[in-house]
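Structure assessment
Spelled out from the first residue to the last, the chains are:
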Amino acid sequence: MLNLWRRYLFNSIERTYIAGILLVVLVPLLTTALYGQFLTSDILSKQAITAVQADLNQRASRIETYLTGVRDDVLYLAELDALQALLLARQQRDEQAITAWREQLAKEFAAFGRTHPEYYQLRYIGEEGLEIVRVNVRYGQVEIVPPSQLQPKRHRYYFLETMRLPPNAVYVSPVDLNREFGQVEIPYTPVIRYATPVFYPDGQRAGIVILNLYADEFLQYVTEGQRADATALADQDGYYMVHPDPTKTWGHPWDLAHNYRVQVEFPRQWPRILRPEPGVINEGDRVIVHVPVFPNTDDPGRYWVLLYVAPRATFFASVYAFRATAGGILIVALFAAWMLAVLLARHITVPIQQLSEAVRRFAVERRYRPVVIRTHNELEMLARAFNETAQTLELYITRLSRLHYTARTLTACLRREQVLDRALEAALTLLPARATAITLQEEGSWPERPQAMQGEEAWQQLALTAPAHRTRAAAVEGRTWRIAQITRENGVAYMCCAPLISPRGHVGTLEIYGDSPRLREAGSGHLLSALAMQAAVALDNTDLYARLASHQRQLQALIERLIHAQEEERRRIAYDLHDGLIPRLVGVRLQLSHLLDRETLSQEELTTLDRAITHLKEAIQEARRLLEGLRPALLDELGLLPALEALTYQLATDAGWTVHLDMPDTLPQLSPTTELTAFRIVQEALNNAYKHAHADTVHLRITVNGDRLLIDVEDNGRGFDPSQVDTTQHLGLVSMQERAQLLGGTCTVVSRPGNGTTVHVVLPLRAPTDITVDEEAGK
């Protein structure tokens, strides 16, 4: 019987669910209710605090933004052309110019005051503390104060403080109540002053420019909107500028002097309130939320405190209301649990089966198919969560597939422009962007505009804005993606920027712009960073491809020239054999043939035979000289210096030169390649002088400088214009330069018609590789 009952209950989800509710309804229900109440109460408490913090941060931001504009205005007035001209005239003590420019400056101050009625006084005070220009603005009326009514201000605190500041710094005065004739003005008029120093053209201090501002212009941000009845603003010393109770404001000794401040209202909490950091104090029967306000962003040590104070019952009213509601719902739920158990059991099995089938199908197909469940409970929420998760996973899988494809296409790009275009196209495809751009640093600095952009032209213009410049600099500096919000005329735009940094020196950013909030998500930043990394590698690859192609072209050209030079050398040797050795041998043969026709040998015949033998020896010597052109024996037997000396004197004898040799006694140990290259270049230079220069003096100079061998071959011949030489017809010059380049050296030919020729050669003492640079036909 027990087994039958067990099988009956547990072979059906519906019956099992009903039995479980009936057996343990009270414990799970109570536990869930209490836990949900605790969790929700905690969430609602945090939401209440977060809402107040967001409100205070917004008010603080509006105040700081407004005061930043005031700061910019005073800096703008300090740079007026009229003021700069007045400073120059004062420095030059040109009274006529001083008067003219002072009037012009007063007019410009007046014009500025008409468009900015929030400033009730604009002044330029000289370095002696005397007002030079003052413009008063009251109730929309602008008044230029005549010189006779200008006052000295050299002892006022704002003048003394501002005169100590460096250029472009701004002094911000405390907010205090305006005084007329030494008395606090009624009704109370809080004011604040912004001042900046100005300087003569020679750098000496020339006084200050100061703006007096009605503080109500920004204090109104504290008292408007919701929560204004519990919001206050205090200065760094704790004196209230705004308070729900107006009688508690302006308690500073120089204002109303009633000394009521934060320290009095919160005697235990004030050290935690008067700090330049935001915070929440939840103690006793009150909740205090405070955030700092910085009137001068250049001075983080100067701040005000914006605070919200409310009773706990008011602050957490939503929490208490939820607890009461949750308690009532719990009682009703306990009463209705049994009645709902059956209905819930019947509605749970089908959705579970649908979800199970959807999970299995997604795992197999990797395709998103929405699951529609209309149960109006957690199962429907679970179905929606599953749909969102599946849709997100499908999107990420698609993006990863596209990113993989993009990586392969980028890797296949061989040109820089292709890489930039493919990366931009991929960014537009992978992310909900309206425009995209790539900005690369040039010689360590950012260019004015990106090197490549795609997308809608209007959105491309966002890449030229100041927020975009700051964001890309922050991304490169932090080496991580950054998100920025840019205000447009017709809405808000978002910018996601990822650093593009490669091992070979490319530094820049890959940027996307659009109005989709998805651009703010971390997934978009990570995806863009992955694409930027691929683009950086691809840019490096294009550089390597370009260098490899260039080296291949150079190597191919060099090999072709070497082969061509070898062929030319073989042709020269053939010509020398034909015109030198062969005619002499033919003459010997004819003379010996003539001798053989004689029957007896007389003294004359002996002389003829001796002459023939002499000619034969000369022919043999000529053959040996030609063979020396293939492999110089002097170089192998004597070394570089004796071989060059013998070569020079040999050609000097034939050409009738006067020779000057300037060589060391010995040289450091040279590689065979360097020795042969040096010999061949000097040989070619001397042969060129012998054949073309018509010189009477030749100077050969050889020196060693560090790890370099320096050779100069100079003649006083007729010279030539190197730019007019046809290298296809004069291979000697080309061969000298290429021989030197093959060793990592240089060969420079300097010549002018009528001024002789100098061949300057620089070779490494040791060849970079053990290459035999052409044995000139010995292969």
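Below: a short report on this structure.

With respect to topology, 5 strands assemble into an open sheet ordered 20-21-22-24-23, the strand pairing being mixed. The open sheet has two free edges, formed respectively by strand 20 (658–662) and strand 23 (746–751), since each of these has just one partner strand. Strand-to-strand twist in this sheet, taken as the mean axis angle between neighbours without regard to direction, amounts to 10 degrees. Note: strand 21 (residues 697–705) against strand 22 (residues 708–715), 8 bridges, orientation antiparallel. Within strand 22, the position partnered with threonine 703 by the bridge is leucine 710. Sheet contacts for helix 20 (residues 672–693): strand 21, strand 22, strand 23 and strand 24 (757–764); angle to strand 22, the most-contacted strand, approximately 10 degrees.

A few words on the packing of aromatic side chains. Counting across every chain of the model gives 9 aromatic pairs. Relative to tyrosine 119, the ring of phenylalanine 112 lies with its centre 6.0 Å away and its plane at 10 degrees, an arrangement referred to as stacked. By the burial criterion, phenylalanine 112 is buried, and tyrosine 119 matches it. For the pair phenylalanine 218 and tryptophan 304, a centre-to-centre distance of 5.7 Å together with 15 degrees between the ring planes defines the contact as stacked. On the criterion of sequence distance, the pair formed by phenylalanine 218 in helix 7 (residues 216–223) and tryptophan 304 in strand 14 (residues 304–311) is long-range, its members being 86 residues apart. Tryptophan 304 matches phenylalanine 218 in its accessibility class, with the two residues each being buried. Among the aromatic residues, ring-to-ring pairing joins Tyr66, Phe218, Tyr221 and Trp304 into one connected group. Over the face of the ring belonging to tryptophan 459 we find arginine 488, whose NZ or CZ atom lies 4.0 Å from the ring centre.

Here the focus is helix 20. Residue pairs spaced three or four apart in an α-helix point in one direction, given the helix's 3.6 residues per turn. In a regular helix each residue adds 1.5 Å, so 22 residues correspond to 32 Å; helix 20 covers 30 Å between its end C-alpha atoms and thus fits that length. Of the residues trailing helix 20, histidine 694 is marked for its positive phi of about 55 degrees.

Time to look at the pattern of salt bridges. Summed over the entire model, instances satisfying the criterion amount to 20 salt bridges. For arginine 90, the salt bridge goes to glutamate 127, with nearest N and O atoms at 3.1 Å. A residue pair is termed long-range when its members are at least 10 positions apart, and arginine 90 in helix 4 (residues 81–92) and glutamate 127 in the loop between strand 1 (119–125) and strand 2 (131–138) qualify at 37 residues. Looking at arginine 90, the relative accessible area reads 15%, which means it is buried.

Let's shift gears to the nonpolar core. Counting residues in hydrophobic clusters, the biggest one holds 68 residues, and the most contacted among them are Phe109, Tyr124, Phe218, Trp304 and Phe315. With 14 residues, helix 3 (residues 26–78) is the largest single contributor of residues to this core. For phenylalanine 109, the contacting residues outside a window of four places in its chain are Leu77, Leu80, Leu122, Arg123, Tyr124, Val133, Val135 and Val209. Leu651, Ala685, Val698 and Leu709 belong to the second-largest nonpolar core, a separate cluster that totals 37 residues.

Strand order in the open sheet formed by 5 strands is 16-15-19-18-17, with antiparallel pairing between adjacent strands. A single partner strand is all that each edge strand has here, and the edge strands are strand 16 (452–455) and strand 17 (482–488). Going from strand to strand, the sheet's axes swing by 20 degrees on average, the running direction of each strand aside. Where strand 17 lies against strand 18 (residues 491–501), 7 bridges are found, and the strand directions are antiparallel. Across the sheet, isoleucine 483 pairs through a bridge with cysteine 496, a residue of strand 18. Sitting on the sheet, helix 13 (residues 416–430) touches strand 15 (435–440), strand 16 and strand 19 (507–514), and the angle it makes with strand 15 is about 140 degrees. On the sheet, helix 15 (residues 466–478) packs against strand 15, strand 17, strand 18 and strand 19 and is oriented at approximately 35 degrees with respect to strand 18.

Note that strand 20 and strand 21 share 5 bridges and pair parallel. For aspartate 662, the partnering residue across the bridge sits in strand 21 and is arginine 701. Handedness of the β-α-β unit built from strand 20, helix 20 and strand 21 comes out left-handed. Between the antiparallel neighbours strand 21 and strand 22 lie 2 residues, among them glycine 706 with a positive phi of about 65 degrees.

What counts as what
- Residues numbered from 1 in each chain as written.
- Predicted model: local features only at pLDDT ≥ 70, side-chain atom pairs only at ≥ 80, totals over all residues.
- Heavy atoms only, no water.
- Pairing = 2+ DSSP bridges.
- Helix = DSSP H or I, 4+ residues; strand = E, 2+ residues; numbered from the N terminus.
- Axes fitted to C-alpha atoms, helices over the stretch in contact; angles between N-to-C directions.
- Contact = heavy atoms within 4.5 Å.
- Phe/Tyr/Trp six-rings, centres within 6.5 Å; stacked < 30°, edge-to-face > 60°.
- Buried < 20%, exposed > 50% of the residue type's maximum accessible area, 1.4 Å probe, protein only.
- Lys NZ or Arg CZ within 6 Å of the ring centre and 35° of its normal.
- Expected span 1.5 Å × (residues − 1).
- Salt bridge = Lys/Arg side-chain N within 4 Å of Asp/Glu carboxyl O.
- Core = buried A, V, L, I, M, F, W, Y, C linked by side-chain atoms within 4.5 Å.
- Right-handed = clockwise from strand over helix to strand, strands pointing away.

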